[in-house]
Amino acid sequence: MQVEAIPMLINSDFLNAPLDVKLHLADYKMHGKKSYVFQIKDLLHGIYKCTYISMNDQDINGEALDYLLKNNSHAGEMLMQIADLEQKDLFKTLRAMTAVVNSTTAMTAVLNNTTAMTAVFNSATAMAAVVNSTTAMTAVLNNTTAMTAVFNSATAMAAVVNSTTAMTAVLNNTTAMTAVFNSATAMAAVVNSTTAMTAVLNNTTAMTTVLKSANAMEAVVNSTTAMTAVLNSATAMTAVVNSTTAMTTVLDSETAIVSIVAAQYANIKPFILKINGNKEYIKKLFILVQNSSRFKLLYNGDVGSIVNAYENKQGIITFSCLGFSGSSGDNSGVSSRVYNNGELIKDATDAGYNTKSTPDKANAVTIGKTKWGYNSGRYNYSNIACAVYEMIA
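Residues numbered from 1 in each chain as written. Predicted model: local features only at pLDDT ≥ 70, side-chain atom pairs only at ≥ 80, totals over all residues. Heavy atoms only, no water.

## Structural notes on the overall build of the chain
Okay, step 1: The helix and strand inventory of the chain stands at 27 helices and seven strands.
Okay, step 2: Over its C-alpha atoms the chain spans a radius of gyration of 30 Å, topping by over 25% the 21 Å that the globule rule assigns to 393 residues.
Okay, step 3: The principal-axis extents of the C-alpha atoms in the chain amount to approximately 110 × 45 × 25 Å.
Okay, step 4: With 393 residues in all, the chain has 51% of them scored as buried.
Okay, step 5: Split by element, the accessible area of the chain, about 17700 Å² in all, is 50% carbon and sulfur.
Okay, step 6: Of the charged side chains in the chain, 26 are positive and 25 negative, and the gap between their average positions amounts to 10 Å. (Helix = DSSP H or I, 4+ residues; strand = E, 2+ residues; numbered from the N terminus. Rg over C-alpha atoms; globule rule 2.2 N^0.38 Å. Buried < 20%, exposed > 50% of the residue type's maximum accessible area, 1.4 Å probe, protein only. Areas by Shrake-Rupley, 256 points an atom, 1.4 Å probe, with all protein chains shown as cover. Lys, Arg positive; Asp, Glu negative; His and termini not counted. Charge placed at Lys NZ, Arg CZ, Asp CG, Glu CD.)

## Quick look at helix 11 (residues 114-121)
Okay, step 1: With seven of its eight residues buried, helix 11 lies for the most part within the structure.
Okay, step 2: All buried positions along helix 11 are accounted for by Thr115, Ala116, Met117, Thr118, Ala119, Val120 and Phe121.

## Things to note about the side chain of Ser153
Okay, step 1: Structurally, Ser153 can be placed in the loop between helix 14 (144-151) and helix 15 (154-161).
Okay, step 2: Ignoring sequence-local partners within four residues, the contact set of Ser153 consists of Phe121, Asn122 and Thr185. (Contact = heavy atoms within 4.5 Å.)

## A short note on the confidence of the model for the chain
Okay, step 1: Looking at the chain as a whole, the pLDDT averages 88, with 92% of positions reaching at least 70.
Okay, step 2: Mean pLDDT per element in the chain: helix 1 (residues 6-11) is the minimum at 53, and helix 27 (residues 279-290) is the maximum at 97. (pLDDT = per-residue confidence, 0-100.)

## Brief notes about helix 23 (residues 234-241)
Okay, step 1: Burial in helix 23 covers these residues: Ala236, Met237, Val240 and Val241. Viewed end-on, helix 23 has its buried residues packed into an arc of 125°, placing them on one side of the element. Residues of helix 23 that are exposed and point more than 90 degrees away from the buried face comprise Ala234 and Thr235.
Okay, step 2: As for helix 23, its buried residues are in contact with helix 19 (194-201), helix 20 (204-212), helix 22 (224-231), helix 24 (244-251) and helix 26 (265-276). (Arc of directions from axis to C-beta.)

## So, the packing of aromatic side chains
Okay, step 1: Here the structure, examined in full by the defined rule, presents five aromatic pairs.
Okay, step 2: Centre to centre, the rings of Tyr48 and Tyr67 are 5.4 Å apart; their planes meet at 45°, and the pair counts as tilted. Of this pair, Tyr48 sits in helix 4 (residues 41-49) while Tyr67 is found in helix 6 (residues 61-70), placing the two residues 19 residues apart along the sequence. Of the two residues, Tyr48 and Tyr67, neither departs from the other in class, the shared state being buried. (Phe/Tyr/Trp six-rings, centres within 6.5 Å; stacked < 30°, edge-to-face > 60°.)

## Some thoughts on the pairing of strand 7 (residues 385-391)
A regular strand places its side chains so that they alternate between the two faces of the sheet.
Okay, step 1: Within strand 7, six of the seven residues are buried, which leaves the element mostly enclosed by the surrounding structure.
Okay, step 2: Relative to strand 7, strand 1 (residues 295-302) runs antiparallel, the two being bridged by seven bridges. Across the sheet, Phe295 pairs through a bridge with Met391, a residue of strand 7. (Pairing = 2+ DSSP bridges.)

## Topic: the pairing of strand 5 (residues 364-367)
Okay, step 1: Side chains Ala364 and Thr366 of strand 5 all project onto a buried face; the interleaved residues Val365 and Ile367 project onto the opposite face, where all are buried too.
Okay, step 2: In this sheet, strand 5 lies alongside strand 2 (residues 316-321) in antiparallel orientation, the contact comprising four bridges. Note that in strand 5 the partner of Thr318 across the bridge is Thr366.

## A word on the nonpolar core
Taken as a class, soluble globular proteins show a tendency for nonpolar side chains to be buried jointly.
Okay, step 1: Ile257 and Phe271 are the most contacted members of the largest nonpolar core, which totals 139 residues.
Okay, step 2: Among the elements that make up this core, the one with the highest residue count is helix 27 (six residues).
Okay, step 3: Contact partners of Phe271, with chain neighbours within four places excluded, come to Met237, Val241, Met247, Val250, Leu251, Ile257 and Ile260. (Core = buried A, V, L, I, M, F, W, Y, C linked by side-chain atoms within 4.5 Å.)

## Quick word on the sheet that holds strand 5
Okay, step 1: An order of 1-7-2-5 is seen for the four strands of this open sheet, with the pairing classed as antiparallel. Edge positions in the open sheet fall to strand 1 and strand 5, since each of these has one partner strand only. Put simply, the sheet's adjacent strands are angled 15° from each other on average, direction ignored. (Axes fitted to C-alpha atoms, helices over the stretch in contact; angles between N-to-C directions.)

## Here's the deal with the sheet that holds strand 3 (residues 336-340)
Okay, step 1: Strand order in the open sheet made by the three strands is 4-3-6, with antiparallel pairing throughout. In the strand order of this sheet, the two ends are held by strand 4 (343-348) and strand 6 (370-374), each with one partner. Taken over all neighbouring pairs, the strand axes of this sheet differ in orientation by 25° on average, direction set aside.
Okay, step 2: Both strand 3 and strand 4 contribute to a ladder of five bridges, which runs antiparallel. Opposite Val338, over in strand 4, you have Lys346 as the bridge partner.

## Some points on unusual backbone geometry
Okay, step 1: In the Ramachandran plot, Asn72 falls in the positive-phi region, its phi being about 65° despite a non-glycine side chain.
Okay, step 2: Mapping Asn72 onto the fold places it in the loop between helix 6 and helix 7 (75-80).
Okay, step 3: With phi around 60°, Gln87 is a residue other than glycine that occupies positive phi space.
Okay, step 4: Mapped onto the fold, Gln87 is located in the loop between helix 7 and helix 8 (88-92).
Okay, step 5: What makes Gln87 partly exposed here is its relative accessible area of 41%.

Here it is as structure tokens:
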């Protein structure tokens, strides 16, 4: 026998899956993108095309299905290769993935088969069809196992959060909504999608659920995309400032505070007013900014020395000690004031006399344009201490 005939003889014993494909699969699963198989695309695609193997291997069937669908393969016939999948005669007639997802019977069969479900949920192309089908989304959200699989799949969630149809379906299903907000994977996708955040912020029930979920709030405040969406929604800002849990979470997040300092005053006004009504909030915020690498201290001392330097500057957060004028207590009835973008924020005497602003003494916070004064109309700014921090881009 000629040496060249040996591989053919060996492969003839593997009618469903040639030996070379099995060897390539083993190497690919062991080494991933470093594998020679991944580098030589013909070998990788050869694995995908051997659907007896690729569609039944849960580690790769998502990427295999995605490749096959993008190359115009018969969706139903690809899924038919999955062992124990029900309704195979029906799948023979469903060439397009849209046909599969719009069939209640076919979707039920997919969701009742873990291998099939894994393939569909880990294929971006298949998920694009799922999230734009009311039939498919209804089937997924009525199946606890399927719902959990979707919310824990980065690929599936990427499709869900960028589809208004899918997000509407999720937010109108209390069980699904709660599952999303309690899943780290799902929330990571939600907070980084403008489409998803818009859907959440425009849904009163969803906002209420987010505010009650520590996991959801943690994800929101640590995402610039999510915080931008919150700051641009008057409804969301009102909900946040009226929730002690939400306010505490915001004040623990450097990302959230950076977003707030960078925002337009009109958007953050409710936050500023809420902060200034709570001494502990002021202290908490002062400590965070003081220890943050995203802010640098520009000045800490008597306002009289810098009264005109920072009052019209953006990207600034100022912690003021508003108290009576005079180191020996004279003029103790004259309170000092701080204005934020022209609006009176605080009128107080409780900080007394201070030469520097500290977390324990500060009793007023302003962001952006700041101006100081006295209730007597005097313009002697001495003895109002302030710490001025600038946000670092």
